Amino acid sequence: MVQFESGIKQIPFSQERVYNKLSDLNNLNSLHGHLDEIKEKTGGKLEEMTFDRDSLTVKVQNIGLTLRIIEREPLKCIKFEGENTPVPLNLWIQILPLGEDTSKMKVTIRAEVNMFMKTMISKPLQEGVEKLADMLSAIPY
């Protein structure tokens, strides 16, 4: 089991607004208008992104990954589990208040991999968790 954590990102919106937007993935429809910009920020690695209320599917370098929400802890945390992922993984988005109109966020990925796989995926997963946190912190909530 390996774990990767993003840096803590400050968001200029309340904890409640951030949680409410991210806990129903349909609220991310506004991202489709920025998909080209997101693709550019990922160096062209992100090819496609689709979502519904409880799941997000991305295609990165010809690999489709689906993350499904498995638990919502109101205002604090949203937990995802990977479906059809190359390795079993979970992802958490933690949200904490910094004030009335400011919050902070951290993204964590935990994956079940053997030692050989760990050396192969450590760098891409760490980069991925940082890019995801950067993207989530840049969304207008």
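Below, the structure is looked at part by part. It should be emphasised that the depicted structure is a prediction, and the values quoted were computed from it without experimental measurement. (Residues numbered from 1 in each chain as written. Predicted model: local features only at pLDDT ≥ 70, side-chain atom pairs only at ≥ 80, totals over all residues. Heavy atoms only, no water.)

1. Quick word on the packing of aromatic side chains
According to the stated counting rule, one finds one aromatic pair in the structure shown. The interplanar angle of 65 degrees and the centroid separation of 5.8 Å between the aromatic rings of F13 and Y141 together place this pair among those described as edge-to-face. Of this pair, F13 sits in the loop between strand 2 (9–11) and helix 1 (15–22) while Y141 is found in the segment after helix 3 (115–138), placing the two residues 128 residues apart along the sequence. (Phe/Tyr/Trp six-rings, centres within 6.5 Å; stacked < 30°, edge-to-face > 60°. Helix = DSSP H or I, 4+ residues; strand = E, 2+ residues; numbered from the N terminus.)

2. Quick word on the pattern of salt bridges
In this structure the tally under the stated criterion is eight salt bridges. Taking the shortest distance from any N to any O, the salt bridge between K9 and D134 comes out at 2.8 Å. A residue pair is termed long-range when its members are at least 10 positions apart, and K9 in strand 2 and D134 in helix 3 qualify at 125 residues. Classification of K9 as buried rests on a relative accessible area of 17%. Where salt bridges share partners, they join K9, E130 and D134 into one cluster. (Salt bridge = Lys/Arg side-chain N within 4 Å of Asp/Glu carboxyl O. Buried < 20%, exposed > 50% of the residue type's maximum accessible area, 1.4 Å probe, protein only.)

3. A word on unusual backbone geometry
For L75, which is not glycine, the phi dihedral falls at a positive 70 degrees. Notably, N84 is not glycine yet its phi reads approximately 55 degrees, a positive angle. Here N84 is to be found in the loop between strand 6 (77–83) and strand 7 (89–97).

4. Some details on the pairing of strand 8 (residues 103–111)
One ladder, built from four bridges, connects strand 1 (residues 2–5) with strand 8; its direction is antiparallel. Bridge pairing in strand 8 places E5 opposite T108. Strand direction decides the pairing type here: strand 2 and strand 8, joined by three bridges, are antiparallel. The partner of Q10 across the bridge, within strand 8, is K104. Where strand 7 hands over to strand 8, the hairpin turn is made up of five residues, counted between the paired strands. (Pairing = 2+ DSSP bridges.)

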